[in-house]
Structures are given as structure tokens and as C-alpha cells.
Amino acid sequence: SQTIHQWPATLVQPVGSPLSLECTVEGTSNPNLYWYRQAAGRGLQLLFYSVGIGQISSEVPQNLSASRPQDRQFILSSKKLLLSDSGFYLCAWTTPRAYEQYFGPGTRLTVT
Amino acid sequence: SQKIEQNSEALNIQEGKTATLTCNYTNYSPAYLQWYRQDPGRGPVFLLLIRENEKEKRKERLKVTFDTTLKQSLFHITASQPADSATYLCAFGGSQGNLIFGKGTKLSVKP
């Protein structure tokens, strides 16, 4: 069966510090991968999605970036965090021919 | 721009009643709509998908309708239970699965 992992589960970082969040999927190959952010009182916002290794599409301009170095690995990064980057970060996957998405457990990021 | 709205932020109902949640969309004609359940501090869980050519879809106590004329989807939970208490999200998406989510409706089922 397929499993999606995210780490860390929680993170407290000062403004201006770098960020690296990792997501990995097991039990499937060539998944579509997604990064979302859920800020307090707001809905899920799609940040990046990837349909293959090295292929990244950005939905919202910001100081975040994403990379997909391996088929089942998706990384969200920032060189300098802002207060507004605080939120609940979720990774999700789907198979290329399906529409339903499967979400990871999320990372709660607090920027202080 | 494409917009999806869930009219109620919160819905409180009594156990055993039917909960009905509404999702409206504008400036788009989605090929499908999805509904997810999200518990506090956790990722959303997929519940149902309904395509534009389907009027209704059921799964156990859940039922979803899709009215392309009204640009609306309704999500019903029959015989609701306290364990159904959660936030329910609707979403529609593009061809590469880049979903656009509503803000969600927080359902509370009281015993």
C-alpha cells in the first residue's frame, strides 16, 4: 500500500532563517506531487506541483521554492523565512490518471 | 478568477439528523468536484469525487450532488454521528490535478 511521509512534524524558526521540508511517498511510482499551505483562518492554498523529476510548477509567487530530486521525493525550501510563512504545510500525491489526492500528516511551521 | 465558496463556516446539528453542506463555484466549469474531510491538526482525507456528467454519487451515509446549471455541489451526511464532526472541504481542479479548495465548513454533531 502507498504511504506518504512528511518531516518534521513541527518546526519553530526565526525570521530570516532557511527552511527545508521534506515529503516522500512509498508504494507508487511516478506520482504527481503537491505542496499546500493552510494558514490560520484560510483555506488550503496550492504552492507547487510536480508531474515528474525536475518538473516544478509554481502557483503563487513567494519566497518559497520546491524541488523534486527523485521520483518520490518533494522538497519545499526557503532561503529566508518571513512571518507570513507560518502555517500548516501539507504534501499530497496522486497517480497521473486519478484525481483524488492523498495527503501527508503535515508540518506545523511557526516563524517567530 | 476561478473561485470556490463554501457558504457556511460552521454547521451545528443534532445526532441522527442529515447534515447538508454547500459548495458554489464561479468563473469556471470544472470537469469534477471532490469532497474531503479534515480533522484538527491532520491532512485532508479524500471522500468522494463527482464528475460533471453525474448528478449524484453515494458512499455509505454520504451523498454528493453536482448541479452545473446552479454551479453548486451539495454534500449530505445522513444519520449523522458525533464522529462525523470535522471540517469538510470541497475542491475542483485543473487537468494536472492542481486543486482549488474552498475554506471548508466545520461540522459539529451534538449527541
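Predicted model only: the values in this text are computed from it and were never measured.

Caption draft 1: Molecular detail of the packing of aromatic side chains. All names here are of chain B. On inspection of all chains with the given rule, the structure shows 16 aromatic pairs over all chains. On the basis of an interplanar angle of 75° and a centroid distance of 6.1 Å, the ring pair of Tyr25 and Phe66 is categorised as edge-to-face. Residue Tyr25 is located in strand E3 (residues 19-26), and its partner Phe66 is located in strand E7 (residues 62-67); the two are separated by 41 residues in the primary sequence. An identical accessibility class is assigned to Tyr25 and Phe66; each is buried.

Caption draft 2: The arrangement of the state of the cysteines in detail. Taken as a whole, this structure holds 2 disulfides over all chains when the rule is applied. Residue A:Cys23 pairs covalently with A:Cys91 via a disulfide, S to S 2.0 Å. Judged by the torsion about the S-S bond (-75°), the A:Cys23/A:Cys91 disulfide is left-handed. Of this pair, A:Cys23 sits in strand E3 (residues 19-26) while A:Cys91 sits in strand E9 (residues 87-94); the two residues are 68 residues apart in sequence, bridging distant segments of the chain. The class for A:Cys23 is buried, based on a relative accessible area of 1%. You can call A:Cys91 buried: its relative accessible area is 0%. Disulfide partner of B:Cys23: B:Cys90, at an S-S distance of 2.0 Å. On the S-S bond that ties B:Cys23 to B:Cys90, the torsion sits near 75°, and the link is right-handed.

Caption draft 3: Molecular detail of the layout of surface pockets. By volume, the largest pocket is sized at about 570 Å³. Contributing to the lining of the largest pocket are 24 residues, with A:Gln38, A:Arg42, B:Gln38, B:Thr87 and B:Lys103 lying nearest its centre. Along the lines of polarity and charge, the residues of the lining of the largest pocket split into 7 nonpolar, 11 polar and 6 charged. Approximately 400 Å³ is the volume attributed to the second largest pocket. Contributing to the lining of the second largest pocket are 18 residues, with A:Gly43, A:Leu44, A:Gln45, A:Leu46 and B:Phe101 lying nearest its centre. The residue inventory of the lining of the second largest pocket, partitioned by class, reads 8 nonpolar, 6 polar and 4 charged.

Caption draft 4: Structural detail: the sheet that holds E3(A). Residue and element names in this part refer to chain A. One open sheet holds the 4 strands; their spatial order is E1-E3-E8-E7, and the pairing between them is antiparallel. Each of the sheet's edge strands pairs with one partner strand only, and the pair in question is strand E1 (3-7) and strand E7 (64-70). Geometrically, the sheet is characterised by an average inter-axis angle of 15° between neighbouring strands, direction not taken into account.

Caption draft 5: Inspection of the nonpolar core at higher detail. Core analysis: the biggest nonpolar cluster contains 22 residues, and B:Leu33, B:Trp35, B:Phe75, B:Ile77, B:Tyr88 and B:Leu107 have the highest contact counts within it. Core analysis: the second largest hydrophobic core is formed by 19 residues, A:Leu64, A:Tyr89, A:Cys91 and A:Val111 among them.

Caption draft 6: Spatial organisation of the sheet that holds strand E6 (residues 56-59) of chain B. Residues and elements named next belong to chain B. Ordered by their spatial adjacency, 5 strands build an open sheet running E1-E3-E8-E7-E6, and the pairing between neighbours is antiparallel. Among the strands making up the open sheet, the edge pair consists of strand E1 (3-5) and E6. If you compare each strand with its neighbour and ignore which way they point, the axes differ by 15° on average. Relative to E3, E1 is paired through 3 bridges, and the arrangement is antiparallel. Along E3, the bridge assignment pairs Glu5 with Asn24.

Conventions used here
- For every chain, the first residue of its written sequence is number 1, and the numbers climb from 1 along that sequence.
- Lettering of chains starts at A and numbering of ligands starts at 1, both following the order in which they are written.
- Two thresholds apply to this predicted model, a pLDDT of at least 70 for residue-level local features and 80 or more for giving and counting side-chain atom pairs, whereas whole-chain, interface and lining totals are computed over all residues.
- Each side-chain value is worked out from all heavy atoms of the structure, with water and hydrogens disregarded.
- The rule is short: rings of Phe, Tyr and Trp, with Trp giving its six-membered ring, pair when the centres are within 6.5 Å, and they are stacked under 30 degrees, edge-to-face over 60, tilted in between.
- Working definition: helices are DSSP H or I runs of at least four residues, strands are E runs of at least two. Numbering for both runs from the N terminus.
- Between buried and exposed lies partly exposed: a residue is buried under 20% and exposed over 50% of the maximum accessible area for its type, with that area taken using a 1.4 Å probe on protein chains only.
- A pair of cysteine sulfur atoms is labelled a disulfide when the two atoms are within 2.5 Å.
- Of the grid points, spaced at 1 Å and generated over the protein atoms alone, those admitting a 1.4 Å probe that cannot get out make up cavities, while open sets with protein on both sides within 12 Å along at least five of seven lines make up pockets; any residue with an atom within 4 Å of a point is treated as lining.
- Grid points are joined across faces, edges and corners, and a volume is the space filled by probe spheres set on the points.
- Gly is put with the polar residues, along with every residue not named as nonpolar or charged; the nonpolar set is Ala, Val, Leu, Ile, Met, Phe, Trp, Tyr, Cys and Pro, and the charged set is Asp, Glu, Lys and Arg.
- Criterion used throughout: strands pair if DSSP finds at least two bridges between them.
- All axes here are fitted lines through C-alpha atoms, helices being fitted over the stretch that makes contact, and every angle between N-to-C directions spans 0 to 180 degrees.
- The nonpolar core is taken to be a set of buried Ala, Val, Leu, Ile, Met, Phe, Trp, Tyr and Cys residues, with the residues joined through side-chain atoms within 4.5 Å.

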